[in-house]
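Letter by letter, the chains look like this.
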Amino acid sequence: MQIVTDSGTDLFLNAEQRGDQVHIVPLVVTLEGRSYREGLDIHSDELYRLLAATNSLPTTSQPSAGEFAEVYRRLAATDPDILSIHISSGLSGTINAAQTGAAEVPEANVTVIDTKTLSAASGWQVEAALRGIRAGWLKEQVLALVARVGDATNTLFTLNELKYLIHGGRISHMKGLIASMLNLKPMIGVEKARGMYEQRGQTRSFKGAVKGLVDLIARQHEPGSALRAQVLHAQNPEGADMLHQEVDRRFACTWLPEGQISLVLGAHTGPSLVGVAYAPLDAFAGTP
């Protein structure tokens, strides 16, 4: 089996680790009338440099159905079984584009998976699928593993400014304006039923919001619990270090490498975002 994913899943594997089994279709960000494919035409630091130099706000878009069809057609020539694993349909049209693209390639046996989340939490599902495939598991076993990882994993984030979320329509315009005027920092998660953002709280300081994220984790998992965790940020390594320390202080974490989120996701949130993906460590017991 082959795996197709999008750049919003934040799969922190290098080309050697991905091998020839994982194929990433880039999301697109548009700024001041110019469109850039993530990882091909632009990288994160360049996007945030451009944002700092303009009053314009970015827009984003998913790959086209035709782009997915092209990838599926190329892969099906040698291996028709494809898992196409993507960021939440509640936050992006990527799933719809993948499904439409798959319908255009009847020679490919494409299974489209909606992770109902984004960033590292989605990437963990891609990684689980890759491990299962490389271990020689049957497709049904791989799908069950992906579902298990998805059910166990949650993600939370906070940020300093709301204008990007408001502009992208990810939060209510009126609520966002009120929160901005009161200088409130939101704590945001991704609910599992529809895979959409939900506000989990707010506070008046970024440091307080970071601590609030850890309090939210503690509502799900007893302090001292063994967790698998990964901290990500847009362009805020200091904030990411703060979050890492707070989580590490209260839980027994097996850490994955810290990194930057997809620049297309960062275009929705701005450079101040920090977030964490986490799951009970025992949810990964018995995985390849």
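Here the structure is a predicted model, which is why all the values come from computation and not from measurement.

A. Geometry of the sheet that holds strand β1 (residues 2-6). What the four strands build is an open sheet, ordered β2-β1-β6-β7; its pairing is parallel. Both edges of this open sheet fall to β2 (22-25) and β7 (109-114), since each of them pairs with a single strand only. Strand-to-strand twist in this sheet, taken as the mean axis angle between neighbours without regard to direction, amounts to 20°. In this sheet, β7 lies alongside strand β6 (residues 81-86) in parallel orientation, the contact comprising six bridges. Bridge pairing in β7 links H86 to D114.

B. Helix α2 (residues 44-52), seen in detail. When we look at burial in α2, the residues that qualify are S44, L47, Y48, L50 and L51. In a view along the axis of α2, the buried residues occupy a sector of 155°, so they form one face of it.

C. Geometry of the sheet that holds strand β4 (residues 34-37). Strand order across the open sheet formed by three strands is β4-β3-β5, with antiparallel pairing between neighbours. A strand with exactly one partner marks an edge of an open sheet, and here the two such strands are β4 and β5 (59-61). Within this sheet the neighbouring strands show an average axis-to-axis angle of 25°, counted without direction. Relative to β4, strand β3 (residues 28-31) runs antiparallel, the two sharing four bridges. Looking across to β4, one finds that T30 is bridged to S35.

D. Quick look at the packing of aromatic side chains. On inspection of all chains with the given rule, the structure shows three aromatic pairs. Here W124 and F284 contribute two aromatic rings whose centre-to-centre distance is 5.9 Å and whose plane-to-plane angle is 80°, an arrangement assigned as edge-to-face. Placement of the pair is W124 in helix α5 (residues 119-134) and F284 in the segment after β14 (274-280), with a sequence separation of 160 residues. Exposure remark for F284: the relative accessible area of 14% places this residue in the buried category. Seen from their ring centres, F157 and Y197 are 5.4 Å apart, and the 75° between their planes marks the pair as edge-to-face. Taken together, the residues span a long stretch of sequence, with F157 in strand β8 (residues 154-158) and Y197 in strand β10 (residues 197-203) at a distance of 40 residues. Judged by relative accessible area, which is 6%, F157 ranks as buried. Owing to a relative accessible area of 16%, Y197 belongs among the buried residues under this scheme. Positioned above the aromatic ring of W124, the side-chain terminus of R228 is 4.7 Å from the ring centre.

Scoring rules and cut-offs
Residues numbered from 1 in each chain as written. Predicted model: local features only at pLDDT ≥ 70, side-chain atom pairs only at ≥ 80, totals over all residues. Heavy atoms only, no water. Pairing = 2+ DSSP bridges. Helix = DSSP H or I, 4+ residues; strand = E, 2+ residues; numbered from the N terminus. Axes fitted to C-alpha atoms, helices over the stretch in contact; angles between N-to-C directions. Buried < 20%, exposed > 50% of the residue type's maximum accessible area, 1.4 Å probe, protein only. Arc of directions from axis to C-beta. Phe/Tyr/Trp six-rings, centres within 6.5 Å; stacked < 30°, edge-to-face > 60°. Lys NZ or Arg CZ within 6 Å of the ring centre and 35° of its normal.

Without other data, these values stay purely geometric and don't point to any function.
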